[in-house]
Amino acid sequence: MLLRARKPSKLAELDTVNQLRRLYGIMDPVATLRRLVDDTFSDAGASMQRLREMIVRCDIDASVTQKAFAQELHVSYRHFHRIRAEAVAAIAAHLGLILGISPTAPPELPEVSALAEILAEQRPRSAEGIFSIFGARSALVQITRLQALIESGEELDDRALEAAPAVSQATLYALIAQSKELNGKPFEAQAYVQRLNRHLNENRGVMDDTTRAELTWRAFLNAKYRASAIAIESQSRALERFATEHARAVRRAVLARVTAYMHAGDLENAQASLERFEHIGYRRGDGDGMATALLLRAQMAHMAAEPDRAVAYARAASAAIERPHLRSECAATLLNAEIAAGRPLGTHLPLRGSKTYGNLQFRLAYARLQLHVGNLRDALIEAEATAARADELGYDGLAARAVATVGTAHARLGNAAAARAAYLRALARYAPTWSLLVAFDLFSAPGTRQEHLDALSASEDLADLTFERLRVIVPQIADDDAIQRRRTRVWLQSAFARTIAIGSAESLRDATVQLSAANATLAHALPRRSADIRHVLAMMLMPLLPHSQRSALTSSVGASVNEGIALLQPASERGDFVV
């Protein structure tokens, strides 16, 4: 019928058209066809009217070419035909229903999620319109619908088990866990992961790729919120295994790689991966994905101590980003960048809730704003509340930064002992993350460096804290004799004092190089373990340097940390290490 749409006489020769003419009471065969198309999409959401528009403009009116319409959809010509096939199938199904020559429900269509996926990436709620046409019967369609709900900020619960009957229970558990993680409920998320495992054990089931992919994304989100560089690296590699031709999986994998490189301090590779992410978004017309890229560019500029660029990118992202769980993160990035530039606009409203990771980030930025304008008591209250909530959720990187802000507020209030204790607590929370992204932001509030250096340099606690961290990474230290342990502590204290006094990139390089002498002090140390000692010292020293020196070390120390991450594997994988 569509092939004859522009030839009314040929169209009128079809028996099906004549049946429709009698049913509708319309003599004009083209008007009859148009009525069929209108009826097919009459109950669809506004976004699905694009399918109707596609058929009407390309096939019936011939007012636009198929290639031109593909450009309007921001998809390839090949992808356009996949979407058009779905529209045609929907019309055929509706035709069969009204003429009684087909089943009472449309057939399963494996490509039905293609358009929904594009819509979900750009406007999550708009994607739901596609499901009204096909009855949301296939597992693929139902999964896409649930993903769209999660991205739009919905928190799923057990009701999802009944709302999506075609989806396996294991996949539903994984999706619910993901929604809990995004809504700041990591322990509830983990409870659903445990339910998933019990379900598989009880039913002797095997986790399919869809379930595994959603579960891996949840694990990546958890690692990101905890700021665990090692876990982020591991989960980003796992996500790459699912990144085939499916756009959502590719998008997630590339986003995870950008995040992993940032936490490793490798801005060069982070930039390269981000360009790939932007290319995918541009090619797909993914507006929200491009806004996410702007947010990442703002965060990288902040790491590189380029506040003006960070502000420009963050403002652009704030104007475009739509995902609820990213909006508050974007607002926090913008406020932090404005403070670093010394020009906070003062138009940001504090988010008093702590429902999501992004909200907590904004609360911390708000505390730093109060610090910047001199409202020290307000800064202390807000930072302490944020630190307590981050501690409760296990968000170590965020907790470290919040506690560091508490220390600065105490220092400016004249509470020297409380400030020193807070700074050491901040370093203790930062150390297990192994994250240079956290290191760059730990003591980044303008004008605070001398305050935390004064508090830390007068105490042996910093060397003691580093020594305890070394005992975790290189357990053999704990088993060596007292003389050796004392020598190591003295050496560490000397290295910190020298670096704090000079406060330069050269002193950090000098300190890490000289730590190779630890082989002489550690009777049982091997070169590989000595390398880990150097990595630990570099990580503990990094937050103490000013931004100008830190940015120059990004590649060299980042590479060193990457080597350390490769070495620090669980004992089951590398028998000579315990992490």
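What counts as what
Residues numbered from 1 in each chain as written. Predicted model: local features only at pLDDT ≥ 70, side-chain atom pairs only at ≥ 80, totals over all residues. Heavy atoms only, no water. Helix = DSSP H or I, 4+ residues; strand = E, 2+ residues; numbered from the N terminus. Buried < 20%, exposed > 50% of the residue type's maximum accessible area, 1.4 Å probe, protein only. Contact = heavy atoms within 4.5 Å. Areas by Shrake-Rupley, 256 points an atom, 1.4 Å probe, with all protein chains shown as cover. Salt bridge = Lys/Arg side-chain N within 4 Å of Asp/Glu carboxyl O. Axes fitted to C-alpha atoms, helices over the stretch in contact; angles between N-to-C directions. Parallel < 35°, antiparallel > 145°, perpendicular 65-115°, else oblique. Left-handed = near helix turned anticlockwise from the far one by under 90°. Nonpolar A, V, L, I, M, F, W, Y, C, P; charged D, E, K, R; others polar. 1 Å grid on protein atoms, 1.4 Å probe; cavity = no way out; pocket = protein on both sides within 12 Å on 5 of 7 lines; lining within 4 Å. Points joined across faces, edges and corners; volume = space filled by probe spheres on them. Expected span 1.5 Å × (residues − 1). Polar contact = N/O pair within 3.5 Å; in protein donor to acceptor, adjacent residues only side chain to side chain. Phe/Tyr/Trp six-rings, centres within 6.5 Å; stacked < 30°, edge-to-face > 60°. pLDDT = per-residue confidence, 0-100. Core = buried A, V, L, I, M, F, W, Y, C linked by side-chain atoms within 4.5 Å. Patch = residues over 30% accessible without salt bridge, like charges linked within 9 Å, V, L, I, M, F, W, Y side chains within 5 Å.

Moving on to the overall build of the protein. When you go through the protein residue by residue, the secondary structure sums to 33 helices and zero strands. A total of 579 residues make up the protein; the buried ones form 56% of that total. In the protein, of all internal contacts separated by at least 6 residues, the share reaching a separation of at least 24 is 64%. Accessible area for the protein stands at about 24,300 Å²; split by element, carbon and sulfur atoms hold 52% of it.

Next up on the list: the pattern of salt bridges. A complete count under the given rule lists 26 salt bridges for this structure. Between Glu 240 and Arg 237 there is a salt bridge, with the nearest N and O atoms lying 3.5 Å from each other. A residue pair is termed a helical-turn pair when its members lie 3 or 4 positions apart in one helix, as Glu 240 and Arg 237 do in helix 14 (residues 229–240) at three residues. Residue Glu 240 is classed as partly exposed on the basis of its relative accessible area of 34%. Here Glu 240 ties to Arg 257 by a salt bridge, and the two come within 3.6 Å at their closest N and O atoms. Of this pair, Glu 240 sits in helix 14 while Arg 257 sits in helix 15 (residues 247–263), placing them 17 residues apart in sequence.

Attention now goes to the side chain of Lys 224. Within the secondary structure layout, Lys 224 lies in helix 13 (residues 209–226). Excluding residues that lie within four positions of it along the chain, Lys 224 makes contacts with Ile 232, Thr 259, Glu 329 and Tyr 357.

Here helix 20 (residues 357–373) crosses helix 21 (residues 376–393) at 155°, and the two axes come no closer than 8 Å. If you check the angle between helix 20 and helix 21, you find them roughly antiparallel. In this structure, the crossing between helix 20 and helix 21 has a hand that is left-handed. Along the contact surface, helix 20 presents Leu 360, Arg 363, Leu 364, Tyr 366, Ala 367, Gln 370 and Leu 371, while helix 21 presents Leu 376, Asp 378, Ala 379, Glu 382, Ala 383, Ala 385, Thr 386, Arg 389, Ala 390 and Leu 393. For the contact of helix 20 with helix 21, the residue count by class is eleven nonpolar, two polar and four charged.

Right, let's get into unusual backbone geometry. Unlike most non-glycine residues, Ala 62 shows phi in positive territory, near 55°. Judged by relative accessible area, which is 38%, Ala 62 ranks as partly exposed.

Where helix 19 (residues 324–341) contacts helix 20, the axes come no closer than 7 Å and their chain directions differ by 20°. In terms of their interaxial angle, helix 19 and helix 20 are classed as roughly parallel. The chirality of how helix 19 crosses helix 20 is left-handed. Together, Ser 328, Glu 329, Ala 331, Ala 332, Leu 335, Asn 336 and Ile 339 of helix 19 and Gly 358, Asn 359, Gln 361, Phe 362, Ala 365, Tyr 366, Arg 368, Leu 369 and His 372 of helix 20 make up the contact between the two elements. Of the residues in the contact of helix 19 with helix 20, the class split is eight nonpolar, six polar and two charged.

Take empty space enclosed by the protein next. Over the atoms rolls a probe the size of a water molecule, and in doing so it shows where empty space is left. Counting across every chain of the model gives six cavities of 30 Å³ or more. Roughly 630 Å³ of volume is contained in the largest cavity. Along the wall of the largest cavity there are 34 residues; nearest its centre are Lys 224, Gln 299, Glu 329, Tyr 357 and Gln 361. Of all the elements in the fold, those that place two or more residues in the lining of the largest cavity are helix 13, helix 15, helix 17 (287–303), helix 19, helix 20, helix 22 (396–412) and helix 24 (436–442). Residues belonging to the lining of the largest cavity are distributed by class as follows: 17 nonpolar, ten polar and seven charged.

This part covers helix 13. Between its first and last C-alpha, helix 13 extends 25 Å over 18 residues, near the 26 Å set by a 1.5 Å rise per residue. Taking burial as the measure, the 18 residues of helix 13 include 14 buried ones, the bulk of the element. Where helix 13 starts, the residue carrying a side-chain oxygen 3.2 Å from the main-chain nitrogen of Thr 210 turns out to be Asp 208. Ala 227 occupies a position one or two residues after helix 13 and carries a positive phi of about 60°.

Between the first and last C-alpha of helix 3 (residues 29–40) there are 17 Å, a value that for twelve residues agrees with the 16 Å anticipated at 1.5 Å per step. The distance from a side-chain oxygen at the start of helix 3 to the backbone nitrogen of Val 30 is 3.1 Å, and the residue carrying that oxygen is Asp 28.

For the rest of this paragraph, the subject is the environment of Val 254. Positionally, Val 254 belongs in helix 15. Classification of Val 254 as buried rests on a relative accessible area of 3%. C-alpha of Val 254 to C-alpha of Glu 278: the two residues are 24 residues apart in sequence and 9.8 Å apart in space.

What follows deals with the packing of aromatic side chains. Aromatic rings considered in pairs are described by the distance between their centres and by the relative angle of their planes. Counting across every chain of the model gives five aromatic pairs. Aromatic side chains Tyr 225 and Tyr 357 sit 4.5 Å apart centroid to centroid with 20° between the ring planes, which places their arrangement in the stacked category. Residue Tyr 225 is found in helix 13, and its partner Tyr 357 is found in helix 20; the two are separated by 132 residues along the sequence. Side by side, Tyr 225 and Tyr 357 carry an identical accessibility label, which is buried.

What follows deals with the environment of Ala 68. Assignment of secondary structure puts Ala 68 in helix 5 (residues 66–73). Take Ala 68: its relative accessible area is 26%, and that puts it in the partly exposed class. As a C-alpha pair, Ala 68 and Cys 58 span ten residues in sequence and 9.4 Å in three-dimensional space.

With that settled, consider the confidence of the model for the protein. Detail in the predicted coordinates should be disregarded across regions flagged by low pLDDT. In the predicted model, the protein carries a mean pLDDT of 77, and 69% of its residues have values of at least 70. In this model, residues 102–110 is a region of pLDDT below 50 whose contacts with residues beyond four sequence positions or in other chains number 18 contacts. Between residues 567–579, whose pLDDT stays under 50, and residues either more than four places distant or in other chains, the model counts 28 contacts.

Counting residues in hydrophobic clusters, the biggest one holds 100 residues, and the most contacted among them are Leu 196, Tyr 395, Leu 427, Tyr 430 and Leu 442. Residue contacts for Leu 427: discarding those within four places in its chain leaves Leu 442, Phe 443, Leu 456, Leu 462, Leu 465, Met 540 and Pro 543. Formed by 29 residues, the second largest nonpolar core is a distinct cluster that contains Leu 51, Val 56, Ala 70 and Phe 80.

The subject of this paragraph is a nonpolar patch on the surface. A contiguous nonpolar surface patch, about 240 Å² in accessible area, is contributed by Leu 23, Leu 97 and Ile 98. Relative to the helices and strands, Leu 97 resides in helix 6 (residues 77–99). Assessed through its relative accessible area of 39%, Leu 97 is described here as partly exposed.

The next thing to look at is the environment of Arg 412. Mapped onto the elements of the fold, Arg 412 is located in helix 22. Distance from Arg 412 to Leu 371, taken between C-alpha atoms, is 9.1 Å for residues 41 residues apart in sequence.

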